[in-house]
Amino acid sequence: MPEHVEMEIPNQDVSRIIGNGHSGRKVYGTAIRLVLASAITGSLSLVTAHAQTTVTPVPGFPVPTTHSQQAYSPFDTFTSRWTRADARQIKARSNPNVAVGANSLPTSVTMPDIPANFPQTNPDVWLWDTWTLIDAHANQFSYNGWEVIFSLTADPNAGYTFDDRHVHARISYFYRRAGIPASARPRNGGWIYGGHLFPDGASVKVFGSTTLTNNAEWSGSTRLLKTDGNEVVVFYTALGFNRTADGTNITPPVAIISKANGTIHADLNHVWFTGFNNHTGLLQPDGTYYQTGQQNEFYSFRDPFTFEDPQHPGQTFMVFEGNTAGERGAKDCTAADLGYQAGDPYAEDLDTVLNSGATYQKANIGLAVSTDSSLAQWRFLPPLISANCVNDQTERPQIYIKDGKYYLFTISHRTTFAAGVDGPDGVYGFVGNGLRSDFEPLNWGSGLALGNPTDLNTAAGSDFDPDPQQNPRAFQAYSHYVMPNGLVESFIDTVEGRRGGALAPTVKIQISDAATQIDLSYGQNGLGGYGNIPANRYDLDLQGFVLDLLQSKTSSNANISLAAFVQQP
């Protein structure tokens with residue numbers, strides 16, 4: 001009998017079978033970040049042209065920038081732009097006549113209302129950014145009969161507030177039995193808290209002798225290195241802080257994209273991990289493409305996700321959040337960043353924008369490539385997309401391939417948009433013909449793919465200090481993660497003044513060419529189960545299972561049959 005059995009998981013939502021470009025094995029589902037929606041048997045040729053999606057201008061607003069979707073080599077210097085002309089399409093589609101505090105966004109791109117009586121995922125931790133166990137091609141795995149997720153967590157009983165949790169963040173893991181439909185699980189999703197992923201004191205090692213008052217572990221991704229083994233590697237952001245007691249920076253925070261290797265284990269009763277003692281710093285911003293702490297103490301450099309691009313077999317790439325290099329607030333946005341067509345009567349004047357404060361918002365989505373097989377050496381490539389004078393945060397970027405198109409998804413906040421442009425907390429997306437493309441923003445050229453119910457006619461407020469006239473669900477969910485079949489998971493932030501720190505109901509979006517639309521037939525009026533994060537593939541690592549079963553102190557019966565093991569609950 002072979003020591004490793006790889007199984008396929010039927011899914012009634014699936015409309016096609018997709019192929020793995022290296023093994024030819026079939027998987028069910030669409031793409032999580034980088035799973036192809038058509039069979040791939042080798043390298044693909046680049047598609048180099050695409051007609052801009054026709055957008056009917058809205059009276060009183062500019063037309064969006066023309067984007068060709070043309071693909072370039074990942075090693076090219078071309079960087080696409082999310083322009084002000086693009087982002088202003090969000091407000092153009094917002095209804096100016098809704099009642100105060102109602103949702104002004106189109107229903108097609110609005111996440112349904114989350115009930116205020118939502119369940120906590122676990123009473124012992126707040127959780128937020130969450131991701132799954134994947135391979136190099138972003139197949140989403142269960143391991144030996146267990147689904148596993150990873151989340152940023154903090155202790156709700158430690159004496160700090162929900163909004164102070166970020167500087168105390170630890171990566172933790174949760175697990176549950178695979179193969180159970182959401183309708184048969186507990187209301188909160190049934191995730192079991194496994195504890196911190198890394199040993200105490202391990203992640204701080206990447207900072208060496210740097211003076212710190214505390215450190216935190218921020219978002220990333222977790223890969224199963226081989227589908228016939230149990231070795232995993234976590235790519236994450238190590239954050240070091242040097243602050244006074246009142247939270248003022250003594251020196252800028254230190255962000256290091258890092259990795260640690262470990263081993264996953266599972267028996268009949270639980271999942272656990274070993275290893276993760278050695279942490280390797282991979283990348284720090286260079287000040288040329290990506291802004292440093294010396295250039296801006298409020299810089300963003302985080303959220304690594306690694307993958308193999310099927311157009312470039314054998315090469316591993318990483319996308320991450322960054323900011324455009326340069327001194328904070330430098331008035332160097334250009335007419336290209338504004339993106340208006342010649343003669344547009346609703347175009348802004350460049351000097352007016354430069355003097356509006358918009359120059360403090362300069363997000364980008366970065367790209368790097370690994371230069372060794374151990375994924376321990378990386379080099380920067382130019383950013384995939386910039387948002388200069390548009391937005392200051394493009395968090396948790398991901399690549400999702402469907403029908404031959406490359407979708408670049410990210411998340412952002414209303415409060416990080418630049419002066420003169422506006423949009424809700426939620427998912428923003430762009431489409432092109434390759435990993436590096438002249439990306440076209442989705443939905444009317446705006447970029448908005450899925451937003452919280454928001455009244456863009458009313459002041460934003462914030463999750464910790466809401467405006468009483470704003471929609472009470474404007475901050476209901478955040479840190480969305482696009483999964484197979486267009487499923488989207490997130491965490492609950494604030495609903496009707498109640499703070500969350502729990503997994504939100506999963507929703508589903510339909511993705512077609514340059515458009516997305518919420519699927520209101522999914523779940524109950526568009527809301528699926530809380531924390532419904534299913535694997536679309538599973539492996540049975542029989543050798544690992546037997547060893548784990550014999551070594552586990554919690555196993556009560558090691559004399560079981562294979563049939564009993566593989567049977568789904």
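In this report, we go over the structure that sits alongside the text. Since we're looking at a predicted model, the values are computed, not measured.

**Re the overall build of the protein chain**
Line of reasoning, step 1. Within the protein chain one finds six helices and 30 strands.
Line of reasoning, step 2. Looking at the protein chain as a whole, 60% of its 569 residues are labelled buried.
Line of reasoning, step 3. Counted over contacts in the protein chain with a minimum sequence separation of 6, partners at least 24 positions apart contribute 68%.
Line of reasoning, step 4. Here the protein chain has roughly 21100 Å² of accessible surface; of this, 50% comes from carbon and sulfur atoms.

**Thoughts on the state of the cysteines**
Line of reasoning, step 1. For the coordinates displayed, the defined rule picks out one disulfide.
Line of reasoning, step 2. The disulfide partner of Cys333 is Cys389, and the gap between their sulfur atoms is 2.1 Å. Its S-S torsion of approximately 100 degrees makes the covalent link between Cys333 and Cys389 right-handed. In this pair, Cys333 sits in the loop between β16 (316-323) and α2 (335-338) while Cys389 sits in the loop between β18 (378-388) and β19 (395-402), placing the two residues 56 residues apart along the sequence.

**Notes on the packing of aromatic side chains**
Line of reasoning, step 1. Considering all chains together, one arrives at 30 aromatic pairs under this definition.
Line of reasoning, step 2. Considering the side-chain rings of Trp126 and Phe162, the 5.3 Å spacing of their centres and the 85 degrees angle between planes classify their relative orientation as edge-to-face. On the criterion of sequence distance, the pair formed by Trp126 in strand β6 (residues 126-134) and Phe162 in the loop between β8 (146-154) and β9 (170-177) is long-range, its members being 36 residues apart. Comparing Trp126 with Phe162 shows no difference in burial state: the two are buried.

**Topic: the sheet that holds β16**
Line of reasoning, step 1. On the basis of which strands lie adjacent, the open sheet formed by five strands has the order β5-β18-β17-β16-β15 and mixed pairing. At either end of the open sheet lies a strand with only one pairing partner, and these are β5 (80-81) and β15 (302-308).
Line of reasoning, step 2. Judged from the eight bridges that link them, strand β17 (residues 362-370) and β18 form a sheet pairing that is antiparallel. Bridge assignment links Val369 to a residue of β18, and that residue is Arg379.

**Brief notes about the environment of Asp438**
Line of reasoning, step 1. Summarising the element assignment, Asp438 is placed in the loop between β22 (436-437) and β23 (440-441).
Line of reasoning, step 2. On the accessibility criterion, Asp438 (14% relative accessible area) is buried.
Line of reasoning, step 3. For the pair Asp438 and Thr66, spaced 372 residues apart in sequence, the C-alpha to C-alpha distance is 9.3 Å.
Line of reasoning, step 4. Beyond its immediate chain neighbours, meaning those up to four positions away, Asp438 contacts Thr66, His67, Ser68, Gln69, Gln70, Tyr72, Phe78, Ser80 and Val431.
Line of reasoning, step 5. Within the local environment of Asp438, its side chain forms a polar contact with the side chain of His67, the two groups lying 3.1 Å apart.

**Observations concerning helix α1 (residues 84-92)**
Line of reasoning, step 1. In terms of burial, α1 is a largely internal element, eight of the nine residues being buried.
Line of reasoning, step 2. The distance from a side-chain oxygen at the start of α1 to the backbone nitrogen of Ala85 is 3.4 Å, and the residue carrying that oxygen is Thr83.

**Focus: the pattern of salt bridges**
Line of reasoning, step 1. Going through the model one piece at a time under the given rule, you end up with 16 salt bridges.
Line of reasoning, step 2. Between Asp135 and Arg537 there is a salt bridge whose closest N-O contact spans 3.9 Å. With a gap of 402 residues between them, Asp135 in the loop between β6 and β7 (141-143) and Arg537 in strand β30 (residues 537-541) connect regions that are remote in the sequence. Each of the two residues, Asp135 as well as Arg537, counts as buried.
Line of reasoning, step 3. The partner of Arg302 in a salt bridge is Glu321, with the nearest N and O atoms 3.0 Å apart. Of the two residues, Arg302 sits in strand β15 while Glu321 sits in strand β16, which places them 19 residues apart along the sequence.
Line of reasoning, step 4. Look at Arg302 and you get buried, because its relative accessible area is 9%.
Line of reasoning, step 5. Within the structure, one salt-bridge network assembled from shared partners comprises Asp163, Asp463, Asp493 and Arg499.

**Side note on helix α5 (residues 542-551)**
Line of reasoning, step 1. Among the residues of α5, those classed as buried are Leu542, Gly544, Phe545, Asp548 and Leu549. Buried residues in α5, looked at end-on, bunch into an arc of 155 degrees, giving them a common side. When the buried face of α5 is taken as reference, the exposed residues oriented beyond 90 degrees from it are Leu550 and Gln551.

**Focus on the pairing of strand β12 (residues 231-243)**
Line of reasoning, step 1. In terms of residue burial, β12 counts as a mostly covered element, since 11 of its 13 residues are buried.
Line of reasoning, step 2. Bridge analysis of strand β11 (residues 214-224) against β12 gives nine bridges, and the strand direction is antiparallel. Following the sheet pairing, Thr222 is matched in β12 by Val234.
Line of reasoning, step 3. Counting the residues in the hairpin turn of β11 and β12 gives six residues.
Line of reasoning, step 4. Two elements, β12 and strand β13 (residues 249-266), share 12 bridges in a ladder whose sense is antiparallel. Paired with Tyr236 across the strands is Ser258, a residue of β13.
Line of reasoning, step 5. Counting the residues in the hairpin turn of β12 and β13 gives five residues, including Gly247, whose phi is positive at 95 degrees.

Cut-offs used in this document
Residues numbered from 1 in each chain as written. Predicted model: local features only at pLDDT ≥ 70, side-chain atom pairs only at ≥ 80, totals over all residues. Heavy atoms only, no water. Helix = DSSP H or I, 4+ residues; strand = E, 2+ residues; numbered from the N terminus. Buried < 20%, exposed > 50% of the residue type's maximum accessible area, 1.4 Å probe, protein only. Contact = heavy atoms within 4.5 Å. Areas by Shrake-Rupley, 256 points an atom, 1.4 Å probe, with all protein chains shown as cover. Disulfide = S-S within 2.5 Å. Phe/Tyr/Trp six-rings, centres within 6.5 Å; stacked < 30°, edge-to-face > 60°. Pairing = 2+ DSSP bridges. Polar contact = N/O pair within 3.5 Å; in protein donor to acceptor, adjacent residues only side chain to side chain. Salt bridge = Lys/Arg side-chain N within 4 Å of Asp/Glu carboxyl O. Arc of directions from axis to C-beta.

Structural measurements only, silent on function.
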